Amino acid sequence: MSDCIFCKIIRGEINTQKVYEDSDILAFHDAFPVAETHVLVVPKKHIDSLNHVEEKDLELVGKINLAIPKLAETLGLNAGFKTLINTGRAGGQTIFHLHYHILGGRFIRKDGLHQV
Ligand code: 5GP
Ligand code: ZN
């Protein structure tokens, strides 16, 4: 998926503020945050969306699920956080590389900050 933005980030072709990386997963700050903390967690393997996860990906998605609470703790979200996966255009997905949003703190709206 050479034209996928997140694959480009994974390959280091687009700069991003990384918060975690291992052999299977990358986490980085969202370029257009909607909350005080807004981090994206992606598998390094290109998977279009949650609709495209297969049995062979179970270990990978399990690993992401285990990584998210650890990452949230690292990000200081000890009081809790939201995890969001948008799937498909009608589900609000704009980048078709599976990603988990970690959202914490107050939400940022056009009219100011609001408690989650
Ligand atoms: P989606 O709407 O597909 O669930 O989420 C895509 C997210 O990727 C959006 O929150 C958007 O702000 C973020 N995003 C889009 N392009 C870039 C980019 O080039 N760098 C980073 N760090 N985030 C991006
Ligand atoms: Zn990709």
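Everything here concerns the structure above.
These figures come from a predicted structure and were not determined experimentally. (Residues numbered from 1 in each chain as written. Chains lettered and ligands numbered in written order. Predicted model: local features only at pLDDT ≥ 70, side-chain atom pairs only at ≥ 80, totals over all residues. Heavy atoms only, no water.)

Draft legend 1. Representation of the coordination of the zinc ion (ligand 2) within the structure. Only Cys4 (SG), Cys7 (SG), His46 (ND1) and His97 (ND1) from the protein coordinate the zinc ion (ligand 2), and they sit 2.1 to 2.3 Å from it. Here the zinc ion (ligand 2) binds 4 donor atoms, and the angle range of 103 to 117° at the metal identifies the geometry as tetrahedral. All donors of the zinc ion (ligand 2) belong to a single chain; written as a sequence motif, their spacing is C-x2-C-x38-H-x50-H. In this pair, cysteine 4 sits in the segment before α1 (5-10) while histidine 97 sits in the loop between β4 (82-84) and β5 (100-109), placing the two residues 93 residues apart along the sequence. Here cysteine 4 matches histidine 97 in class, with each residue buried. (Donors = N, O, S within 2.8 Å, 3.2 Å for Na, K, Ca; no water. Tetrahedral: all angles 85-135°; square planar, octahedral: opposite > 155°, others 65-115°. Helix = DSSP H or I, 4+ residues; strand = E, 2+ residues; numbered from the N terminus. Buried < 20%, exposed > 50% of the residue type's maximum accessible area, 1.4 Å probe, protein only.)

Draft legend 2. Fine view of the side chain of histidine 97. Overall, the relative accessible area of 0% leaves histidine 97 in the buried class. At 3.2 Å, the side chain of histidine 97 and the side chain of histidine 46 are in polar contact. In this structure histidine 97 touches Cys4, Phe6, Cys7, Ile10, Val42, Pro43, Lys44, Lys45, His46, Ile47 and Asp48, once residues within four positions along its chain are discounted. (Polar contact = N/O pair within 3.5 Å; in protein donor to acceptor, adjacent residues only side chain to side chain. Contact = heavy atoms within 4.5 Å.)

Draft legend 3. Summary view of the site of ligand 1. Taken together, 18 residues lie around ligand 1, and Asp30, Asn86, Thr94, His99 and His101 are the ones closest in. Within the side chain of aspartate 30, an N or O atom sits 2.5 Å from an oxygen atom of ligand 1. A distance of 2.8 Å separates an oxygen atom of ligand 1 from a polar side-chain atom of histidine 99. Alone, ligand 1 offers 520 Å² of accessible surface; in the complex the protein occludes 84% of this. Among the elements of the structure, α1, β2 (25-29) and β3 (35-43) are those that each provide at least two residues to the shell around ligand 1. Grouping the constituent residues of the shell around ligand 1 by class yields 8 nonpolar, 9 polar and 1 charged. (Near = heavy atom within 4 Å. Areas by Shrake-Rupley, 256 points an atom, 1.4 Å probe, with all protein chains shown as cover. Nonpolar A, V, L, I, M, F, W, Y, C, P; charged D, E, K, R; others polar.)

Draft legend 4. Summary view of the nonpolar core. Counting residues in hydrophobic clusters, the biggest one holds 16 residues, and the most contacted among them are Val41, Ile64, Ile68, Tyr100 and Ile102. At the level of secondary structure, the elements contributing two or more residues to this core comprise β2, β3, α2 (58-74) and β5. With 7 residues, α2 is the largest single contributor of residues to this core. Residue contacts for isoleucine 102: discarding those within four places in its chain leaves Thr37, His38, Val39, Val41, Ile68, Leu71, Leu77, Phe81 and Lys82. Of all hydrophobic cores here, the second largest spans 10 residues; its members include Cys7, Phe28, Leu40 and Ile95. (Core = buried A, V, L, I, M, F, W, Y, C linked by side-chain atoms within 4.5 Å.)

Draft legend 5. Expanded view of the pattern of salt bridges. Applying the stated rule across the entire model yields 8 salt bridges. Among the salt bridges present, the one from lysine 44 reaches glutamate 21, with a minimum N-O distance of 2.8 Å. Of this pair, lysine 44 sits in the loop between β3 and α2 while glutamate 21 sits in strand β1 (residues 18-21), placing them 23 residues apart in sequence. For arginine 106, the salt bridge goes to glutamate 36, with nearest N and O atoms at 4.0 Å. Taken together, the residues span a long stretch of sequence, with arginine 106 in strand β5 and glutamate 36 in strand β3 at a distance of 70 residues. (Salt bridge = Lys/Arg side-chain N within 4 Å of Asp/Glu carboxyl O.)

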